[in-house]
Amino acid sequence: MDNAALYVLAAAVLFGVGVYGLIVSAHLMRKLFAINIMGNAIFILMVAVAGPIDGAPDPVPQALVLTGIVIAVSATAFALALMVRLYQETGRATLADDNGPGNDD
Amino acid sequence: MTTEALALIVFVPLLVAAGMVVLPRSWLGLLIRIGLLPLPFLLLIPTMEVVDNGAYRVVLAGHDSPLGIVWLLDPLSLLMLWLNVGITLLVSLHASFSFPPSDQPARRFWPLWLILFASMNALVLSADLFNIYVTLELVTLAAIGLIAVEGKPAALRAAMRYLLLALMASLLYLLGVGLIYGQTGVLDLYLIAEHLEPAWLTITALALMIVGLLIKSAIFPLHAWLPAAHGNAPGPVSAILSAMVVKVSVYIIWRLWFWTAGDWDLDSAATLMGILGGLAIVYGSVAALVQQRLKMIIAYSTVAQLGYLMLLFPLASTLAFQAASYHLVSHGMAKAAMFLAAANILRSVGSDRLSRLAGIDQRLPLDVFALALAGVSIMGLPPSGGFLAKWLFLEAAREQEAWGWLVLVAASGLLAAAYLFRVLAVMCLHPRRRLRSDRRRRAPNLASVAAILLAVGAIVAGFASAPVLDLVAAGLPPGLAP
């Protein structure tokens, strides 16, 4: 098994862990962790699948992943702020037992 | 000249939004005007460019793709720009009433509003897959911030659920982008087609991207987040979410489908997309029929109306393209009008439960009128933009002898009529109506005027269709051009 395949495999495992976490955990913090793990799996994959150009690594995926990390950080910060606000308003940091979409006014 | 104009269309609202955060509060009213009012005039320059030359490619700051930012202005992106500018300006008229610059929430609302506006302009212009990802994230985060801007628990929960799904959708899209770059080494939306072969890996990549975009556009069965988010957001926000935000991701699916995979044999996948659209129409309409709150009815109506945009995939002809684009325009105006009217009713009555709305037509005649007028277009009654779009869909289906789609489009108008007449009957014909006849009429204000203008726009679209239809016909994807 060469290096690229190893990275792709690692990315696939991480992505699976992320999807699992997103589905089974109720707490929003854990869901955010899960989404970040999925994101990192994709970043690993993007760097791994782009082949080298003339023996040197292709700079484009590195630049894309860097931008992706910046976006992931800001989205996570925003989600955390929203979660804290939700906790302050409702006393819970889960979405679990609300009374269905739109039924609370 | 065109390059500068396009750059200003994106960067003026963006810079003004930044200015709102740092400059003193007394400047807010002025800044709102600076950020919005010049846009229609700026847009005239790209319009001239498209009329003269058809399409225009912008390489921002001289950095070409894959590392720079490349935009493509063509007839379809021009149509989306005009739609976004027009609807945002009219809804802003309402927002200047519901979020007046002197109030505290205005400082949270207006910067996000302008960021959302600017990022949708950038999204429809983007010509490479990664830029689309970045602008999609901007659109989503700004939209979710706007849903939560009033801080009500129901809206916060809806925003959180939307955010989790939208982040997952973005990741699916990004995964597809990564796989395609790994295959081709190209990110340009309009150059990938030459490098892509319909092999398993590329099909998987495109499928991942499209599923991600379907979640963001709330196409059945991935619509679950939409009704709560659109139904609990503040009025102007619901309007722009239903009129524009879900549509721009459908627009990106069109771009991927017809521009990058235009010459592939996608018949069965196209039928699947059409079936999803059909299910969306039926499910959304039936769900709208059983809702108890006006804004939820309108939100489920959006789920249904988005289904029409999916019929473009199986029909795939010049007529179908015109029909779907025209539906985008007329539904955008009609749905924005409905949400604004509903917001005025909610503000005035204190609730939007149908049981509380009996006889409301005497107190709020203008808003009920706007609601009914927009309803005419949503039901597809002549003469309205909605009628014309449905008529074009029927023509497109007849032209290809696709009788199943023809029956679906013809029958779906009845479903829309059912849920809208249920609302209008309660408002105008309820037996309890007479008991309330002594209520004072509320003076019409700017908020009602905005709703009326949009509703009238949706009706007028039934008469003044030629420029839009010609524009769409000039901007067909390479595979469909006659």
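Everything below is about the structure shown above.
Residues numbered from 1 in each chain as written. Chains lettered and ligands numbered in written order. Predicted model: local features only at pLDDT ≥ 70, side-chain atom pairs only at ≥ 80, totals over all residues. Heavy atoms only, no water.

## Some remarks on the packing of helix 4 (residues 75-98) of chain B against helix 5 (residues 106-125) of chain B
Residues and elements named next belong to chain B. Where helix 4 meets helix 5, the closest approach of the two axes is 9 Å, and the angle between their N-to-C directions is 170°. Taken as axis vectors, helix 4 and helix 5 run roughly antiparallel relative to one another. On helix 5, the residues that touch Ser77, Met80, Leu81, Asn84, Val85, Thr88, Val91, Ser92, Ala95 and Ser96 of helix 4 are Phe109, Trp110, Trp113, Phe117, Met120, Asn121, Val124 and Leu125. (Axes fitted to C-alpha atoms, helices over the stretch in contact; angles between N-to-C directions. Helix = DSSP H or I, 4+ residues; strand = E, 2+ residues; numbered from the N terminus. Parallel < 35°, antiparallel > 145°, perpendicular 65-115°, else oblique. Contact = heavy atoms within 4.5 Å.)

## Side note on the packing of helix 5 of chain B against helix 6 (residues 129-147) of chain B
Residue and element names in this part refer to chain B. Contact geometry for helix 5 and helix 6: axes closest at 8 Å, N-to-C directions at 155°. Classified by the angle between their axes, helix 5 and helix 6 sit roughly antiparallel to one another. The two elements helix 5 and helix 6 meet at a crossing, and its hand is left-handed. Of the residues in helix 6, those in contact with Phe109, Leu112, Trp113, Ile115, Leu116, Ser119, Met120, Ala122 and Leu123 of helix 5 are Ile132, Thr135, Leu136, Leu138, Val139, Ala142, Ala143, Gly145 and Leu146. Taken together, the residues of the contact of helix 5 with helix 6 break down into 15 nonpolar, 3 polar and no charged. (Left-handed = near helix turned anticlockwise from the far one by under 90°. Nonpolar A, V, L, I, M, F, W, Y, C, P; charged D, E, K, R; others polar.)

## Let's talk about unusual backbone geometry
Residues and elements named next belong to chain B. Of note, the bond from Phe220 into Pro221 is cis; its omega dihedral lies within 30 degrees of zero at 0°. Checked against the element boundaries, Pro221 lands in the loop between helix 9 (200-216) and helix 10 (226-232). A cis amide bond links Pro382 with the next residue in sequence, Pro383, at an omega value of -5°. Positionally, Pro383 belongs in the loop between helix 17 (365-379) and helix 18 (385-399). With phi around 55°, Ala218 is a residue other than glycine that occupies positive phi space. The residue Glu401 is not glycine, and still its phi comes out positive at about 55°.

## A look at the pattern of salt bridges
Residue and element names in this part refer to chain B. Counted according to the given criterion, the structure contains 7 salt bridges over all chains. The shortest N-O distance in the salt bridge between Asp352 and Arg293 comes to 3.0 Å. Of this pair, Asp352 sits in the loop between helix 15 (318-349) and helix 16 (360-363) while Arg293 is found in the loop between helix 12 (267-289) and helix 13 (294-310), placing the two residues 59 residues apart along the sequence. When its relative accessible area of 2% is taken as the criterion, Asp352 is described as buried. What makes Arg293 buried here is its relative accessible area of 6%. The residue Arg398 makes a salt bridge to Glu395 at a minimum N-O spacing of 3.7 Å. With a gap of 3 residues between them, Arg398 and Glu395 both fall in helix 18, about one helical turn apart. (Salt bridge = Lys/Arg side-chain N within 4 Å of Asp/Glu carboxyl O. Buried < 20%, exposed > 50% of the residue type's maximum accessible area, 1.4 Å probe, protein only.)

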